[in-house]
Amino acid sequence: AAFIARTVLARCAVGTMATIYPQDYSVDVLAGQPYAMQEYYATCFANGSLGLIFLPISRHSQNILRSPSHAASLSVWSEPPAASQPRVSLIGNVTILGQDDPSLDPLKECYLAQHPDARAWLPGDDEGAHKAYWARFDPHSIYFVGGFGDEHYIGYIPTDKYQSAVSPSSADSQAVLTSGEGRKELGYL
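Residues numbered from 1 in each chain as written. Predicted model: local features only at pLDDT ≥ 70, side-chain atom pairs only at ≥ 80, totals over all residues. Heavy atoms only, no water.

Asks: A description of the nonpolar core should follow, citing residues and the corresponding values.
Replies: Ranked by size, the top nonpolar core spans 26 residues in total, and within it L9, Y41, V76, V88, L90, V94 and F137 carry the most contacts. The set of elements that each furnish at least two residues to this core consists of α1 (2-12), β3 (50-54), β4 (71-77), β5 (87-96) and β6 (133-145). With seven residues, α1 is the largest single contributor of residues to this core. Setting aside its immediate chain neighbours within four residues, F137 contacts S49, L50, L52, A72, S73, L74, L90, I91, G92, N93 and V94. The next biggest cluster of nonpolar side chains, apart from the first, holds 13 residues, and it includes A42, I53, L107 and Y111. (Core = buried A, V, L, I, M, F, W, Y, C linked by side-chain atoms within 4.5 Å. Buried < 20%, exposed > 50% of the residue type's maximum accessible area, 1.4 Å probe, protein only. Helix = DSSP H or I, 4+ residues; strand = E, 2+ residues; numbered from the N terminus. Contact = heavy atoms within 4.5 Å.)

In structure tokens form, the structure reads like this:
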């Protein structure tokens, strides 16, 4: 399940992020309510953490900054989405990386390899569309739905198993995600 979850994340690179409006939000009806929208991420960290471009103008970023734990969740599904296909939901926290962090250059290269269209809003670009920072999403809770419950694993994946799982090659990932037989052949069912 950890292997398949990491594969789903590596193949998608776009998911639905959810955050919570702060309790003192200016629009009373939204205070404490969930907010969810599409979010780009990149699978650039060996331990399964995800790279983000953190835009202070974004509603997610504002909610994360106002959360004491900088909490967020991210849900990702297989393409094409179907009840028989795997999906994963990560709950964790977001850390804004310092400008002198040694992982920034490789993170930039990795992120652009997965999202070439993101060049217009890269952190550190004075000509960029918005002020931006590099950030890392560190999941501490991983919930996995492998497909139908009578055929596939549904439940929590231990964080250490998720962090140590290695994403497969693109050829193997196709077999893992497109058929139960492929999952059996690779030993993940």
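Asks: Lay out the state of the cysteines in plain terms, naming residues and giving numbers.
Replies: Under the criterion given, the structure shown has one disulfide. At a sulfur-sulfur separation of 2.0 Å, the disulfide partner of C44 is C110. One quick way to see it: the torsion about the S-S bond of C44 and C110 is about -95°, and its sign makes the bridge left-handed. Here C110 lies in helix α3 (residues 104-114) and C44 lies in the loop between β2 (34-40) and β3, a separation of 66 residues in the sequence. What makes C44 partly exposed here is its relative accessible area of 23%. Residue C110 is classed as buried on the basis of its relative accessible area, which comes to 19%. (Disulfide = S-S within 2.5 Å.)

Asks: Help me get a handle on the pattern of salt bridges, residues and values and all.
Replies: In total, this model carries two salt bridges according to the counting rule given. A salt bridge links D138 to R136; the nearest nitrogen and oxygen atoms lie 2.8 Å apart. (Salt bridge = Lys/Arg side-chain N within 4 Å of Asp/Glu carboxyl O.)

Asks: If you had to explain a nonpolar patch on the surface to someone new, which residues and values would you point to?
Replies: Residues Y143, I154 and Y156 make up a contiguous nonpolar surface patch of roughly 290 Å² in combined accessible area. Its place among the elements puts I154 in strand β7 (residues 154-157). (Patch = residues over 30% accessible without salt bridge, like charges linked within 9 Å, V, L, I, M, F, W, Y side chains within 5 Å. Areas by Shrake-Rupley, 256 points an atom, 1.4 Å probe, with all protein chains shown as cover.)

Asks: Mind laying out the layout of surface pockets, listing which residues take part and the relevant values?
Replies: Empty space among the atoms becomes apparent when a probe as large as a water molecule is rolled across them. Approximately 300 Å³ is the volume attributed to the largest pocket. In this structure, the largest pocket is lined by 17 residues; those nearest its centre are Q38, E39, Y40, L55 and S58. At the level of elements, β2, β3 and α2 (59-66) are the ones that each hand at least two residues to the lining of the largest pocket. The greatest single-element share of the lining of the largest pocket, amounting to five residues, is contributed by β2. Among the residues making up the lining of the largest pocket, the classes are represented as eleven nonpolar, four polar and two charged. Reported here for the second largest pocket is a volume of approximately 150 Å³. As for the second largest pocket, its lining consists of 13 residues, and the residues nearest its centre are T19, I20, S67, A71 and A72. Counting residues per element, the ones that place at least two in the lining of the second largest pocket are β1 (14-20), α2 and β4. Partitioning the lining of the second largest pocket into residue classes produces eight nonpolar, four polar and one charged. (1 Å grid on protein atoms, 1.4 Å probe; cavity = no way out; pocket = protein on both sides within 12 Å on 5 of 7 lines; lining within 4 Å. Points joined across faces, edges and corners; volume = space filled by probe spheres on them. Nonpolar A, V, L, I, M, F, W, Y, C, P; charged D, E, K, R; others polar.)

Scope: geometric values only; no functional claims are made or implied.
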